[in-house]
Amino acid sequence: MARVTVIPVLLILSFFQHMALFSTILASGLEDIKDALRLHNVLQTTKNDSRVILSWNNNLTEEETKKYTVKYILIYKFFNTTKERKERLQEKEKIIHLRLHSGFNAKVKTQLFAKETEDIIKESDWTEFTYKAPPVYIQNLSCIIYNISFFNCTWDIKAEAPEDIQIFASYRHVGKDFSCQQYIKNARKKNIGCFMKEIHFQPSRKINLNITVRHLRSSSRELSYYKAFTPQTIEKLNPPINISVSLENRSIKIHWKPPPTIGSAREKCFLYQVKITDHKIVNVSAENYKYPFRKPAKKCAAQVRVKKEVCIANKLWSEWSEPVFIHDEKTVDILLLSLTLFCPLVFLGGLMIYACRRYRCLEVITTPVPHPSDNIKTWLADETHHQQHMSMQMEMHSETSGNTRRQQR
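Residues numbered from 1 in each chain as written. Predicted model: local features only at pLDDT ≥ 70, side-chain atom pairs only at ≥ 80, totals over all residues. Heavy atoms only, no water.

Undergrad: Got a minute to help me understand the overall build of the protein in this structure?
TA: Tallying secondary structure elements over the protein gives 5 helices and 23 strands in all. The buried share of the protein, taken over its 409 residues, is 31%. Here the contacts in the protein between residues at least 6 apart in sequence split such that 60% fall between residues at least 24 apart. Summed over its atoms, the accessible surface of the protein is roughly 28,000 Å², and 55% of this surface lies on carbon and sulfur atoms. (Helix = DSSP H or I, 4+ residues; strand = E, 2+ residues; numbered from the N terminus. Buried < 20%, exposed > 50% of the residue type's maximum accessible area, 1.4 Å probe, protein only. Contact = heavy atoms within 4.5 Å. Areas by Shrake-Rupley, 256 points an atom, 1.4 Å probe, with all protein chains shown as cover.)

Spelled out as structure tokens, the structure:
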């Protein structure tokens, strides 16, 4: 029994010793790999209009690239902002859109992973880079589309901007360039906005806005800023239309229709908000809203507004619709009384029609009266003649009595 017990124990001990030795060898090998991979990144930039192409290289050999999974971590932050943007990439470049930023700070590092286990093998140190763009003299650029074909952009001029600059706007859409039709000016006659109308927008094609800052004393000195918009994301819809109110089964029901839009007009694309006096604002995805009747305050009114939410993200709500007055206390009493009396009246009316048809009431009412016989006609004529004779005798008697009285006097 003792020998049978000792042999398994020795086997187990031997197994763990071999595992420890294998782990030591493997760890030593990994350390050798880590020492051999001395990663280093070199950052480069290429300026293209309002974009900066940030690219980098490392010193990995082709064999090492095939042997391991290579990934990169990029972190960058624009000047005058606190938000850092972090991305994990497999490509060795990143396009950064400057928009109205005058530059950014960036840093990147390389990471190697084992292909079988995805365990991290090695990572480089951070390589940092700073990109300084030309100065930006405008801020708070905002553009909206409204009434289907109207395009309006506004901006502010920074306080540090030179006094001799003027700002011009144009845009490119569907392969065509358009200049600003009408500028909005401030008290110093500087352009701070642009208004354009009668534009046919393609919903899926971007609007590329170009803002040019030109020095009036030196026409050769100018700066250009670019910003792209998807039309549907900056479209401010008109309020919903055809708003109506009805009373259904002791509930108030509000109906409406979506306004015209440059993109898809499918029902699921829209999100509505309903505002009712003394009630909280409610989000609604359908084209109607029903709520139970309660004794309301006087002059209760409903308003609706809309934006696109599902088909494409849009943060711009329309204005509230004109208020539609639902009811006051008297109107509700009249509506309820009418609703209460209407059903019984319809029932009674139907019952009367059925009874009349069943017992032929209409035949009795509409039966013509027969003509009188000749005897009745003769009797009626004699009776009329007699009454006229009696009336004449009474008048003659009255006149005789009057004459006698006058003679006696």
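Undergrad: Can you help me understand the nonpolar core in this one?
TA: Among soluble globular proteins, nonpolar side chains are generally buried collectively. Counting residues in hydrophobic clusters, the biggest one holds 27 residues, and the most contacted among them are Cys 143, Phe 151, Trp 155, Leu 209 and Ile 211. Sorting the residues of this core by element identifies strand S9 (138-146), strand S10 (150-157), strand S11 (165-173), strand S14 (191-196), strand S15 (207-215) and strand S16 (222-229) as the ones contributing at least two each. (Core = buried A, V, L, I, M, F, W, Y, C linked by side-chain atoms within 4.5 Å.)

Undergrad: Quick question: what am I supposed to make of a positive patch on the surface here?
TA: There is a patch of like positive charges on the surface, built from Lys 83, Arg 85, Arg 99 and Lys 206. Relative to the helices and strands, Arg 85 is located in strand S4 (residues 85-89). The class for Arg 85 is partly exposed, based on a relative accessible area of 33%. (Patch = residues over 30% accessible without salt bridge, like charges linked within 9 Å, V, L, I, M, F, W, Y side chains within 5 Å. Salt bridge = Lys/Arg side-chain N within 4 Å of Asp/Glu carboxyl O. Lys, Arg positive; Asp, Glu negative; His and termini not counted. Charge placed at Lys NZ, Arg CZ, Asp CG, Glu CD.)

Undergrad: It is not clear to me how the sheet that holds S16 should be interpreted in this structure. Could you clarify?
TA: Two pairing modes exist for strands in a sheet, parallel and antiparallel, and in both the strands are linked by backbone hydrogen bonds. On the basis of which strands lie adjacent, the open sheet formed by 4 strands has the order S12-S11-S15-S16 and antiparallel pairing. Every other strand in the sheet has two partners, leaving strand S12 (176-179) and S16 as the edge strands with one partner each. For this sheet, the mean inter-axis angle between neighbouring strands, taken without regard to orientation, is 25°. Where S11 and S12 come together, 4 bridges link them in antiparallel fashion. When the sheet's bridge partners are listed, Ser 170 is paired in S12 with Ser 179. (Pairing = 2+ DSSP bridges. Axes fitted to C-alpha atoms, helices over the stretch in contact; angles between N-to-C directions.)

Undergrad: Would you explain the environment of Asn 288 in this entry?
TA: With respect to the secondary-structure elements, Asn 288 resides in strand S21 (residues 288-292). Overall, the relative accessible area of 30% leaves Asn 288 in the partly exposed class. Asn 288 sits 14 residues away from Val 274 along the chain, and the two C-alpha atoms are 9.4 Å apart. For Asn 288, the residues in contact, after removing those within four places along its chain, are Lys 253, Ile 254, His 255 and Trp 256.

Undergrad: Explanation requested: the environment of Pro 135 in the structure shown.
TA: Within the element layout of this structure, Pro 135 appears in the loop between strand S8 (127-132) and S9. Its relative accessible area of 41% is what places Pro 135 among the partly exposed residues. The spacing of Pro 135 and Gly 103 is 32 residues in sequence and 8.9 Å in space, taken between C-alpha atoms. Apart from residues lying up to four places away in sequence, Pro 135 is in contact with Leu 223 and Tyr 225.

Undergrad: Explain the packing of aromatic side chains here, please?
TA: Any aromatic ring pair is given by two values, namely how distant the centres are and how the planes are angled relative to each other. Across all of its chains, the model carries 13 aromatic pairs by this definition. Ring plane angle 85° and centroid distance 6.4 Å describe the contact between Phe 78 and Phe 104, whose orientation is recorded as edge-to-face. Highlighted residues: Phe 78 in strand S3 (residues 68-78) and Phe 104 in strand S6 (residues 103-114), separated in sequence by 26 residues. The exposure classification of Phe 78 matches that of Phe 104, with both residues buried. Seen in terms of ring centroids, Tyr 146 and Phe 150 are 5.5 Å apart; in terms of plane orientation they differ by 25°. Their pairing is stacked. According to the relative accessible area criterion, Tyr 146 is partly exposed, its value standing at 24%. For Phe 150, a relative accessible area of 23% puts it in the partly exposed group. The rings of Tyr 76, Phe 78, Phe 104 and Tyr 131 are connected pair by pair, giving a single aromatic cluster. Sitting over the ring of Trp 126, Lys 107 keeps its end group 4.9 Å from the ring centre. If you follow Lys 275 out to its NZ or CZ, it ends over the ring of Trp 320, 4.5 Å from the centre. (Phe/Tyr/Trp six-rings, centres within 6.5 Å; stacked < 30°, edge-to-face > 60°. Lys NZ or Arg CZ within 6 Å of the ring centre and 35° of its normal.)

Undergrad: Before we go on, may I ask you to explain the state of the cysteines in this structure?
TA: Under the definition given, this model contains 3 disulfides. Here Cys 269 connects covalently by a disulfide to Cys 311, the sulfurs 1.7 Å from one another. When the S-S torsion is -70°, as for the bridge of Cys 269 with Cys 311, the disulfide is left-handed. Placement of Cys 269 in the loop between strand S18 (251-257) and strand S19 (270-276) and of Cys 311 in the loop between strand S22 (300-308) and strand S23 (324-327) is noted, with a sequence separation of 42 residues between them. Regarding the disulfides, the protein carries the connectivity 1-2, 3-4, 5-6 under sequence-order numbering of its bonded cysteines. (Disulfide = S-S within 2.5 Å.)

Undergrad: Before we go on, may I ask you to explain the pattern of salt bridges in this structure?
TA: Oppositely charged side chains are able to pair whenever their charged atoms sit close together. Evaluation of the coordinates by the stated rule reveals 9 salt bridges. For Glu 123, the salt bridge identified is with Lys 109, shortest N-O distance 3.4 Å. Taken together, the residues Glu 123 in strand S7 (residues 120-123) and Lys 109 in strand S6 connect sequence positions 14 residues apart. Among the residues examined, Glu 123 registers a relative accessible area of 34% and is labelled partly exposed. Across the salt bridge formed by Arg 172 and Asp 177, the nearest N and O atoms sit 2.9 Å from each other. Note on Asp 177: relative accessible area 58%, which makes it exposed.

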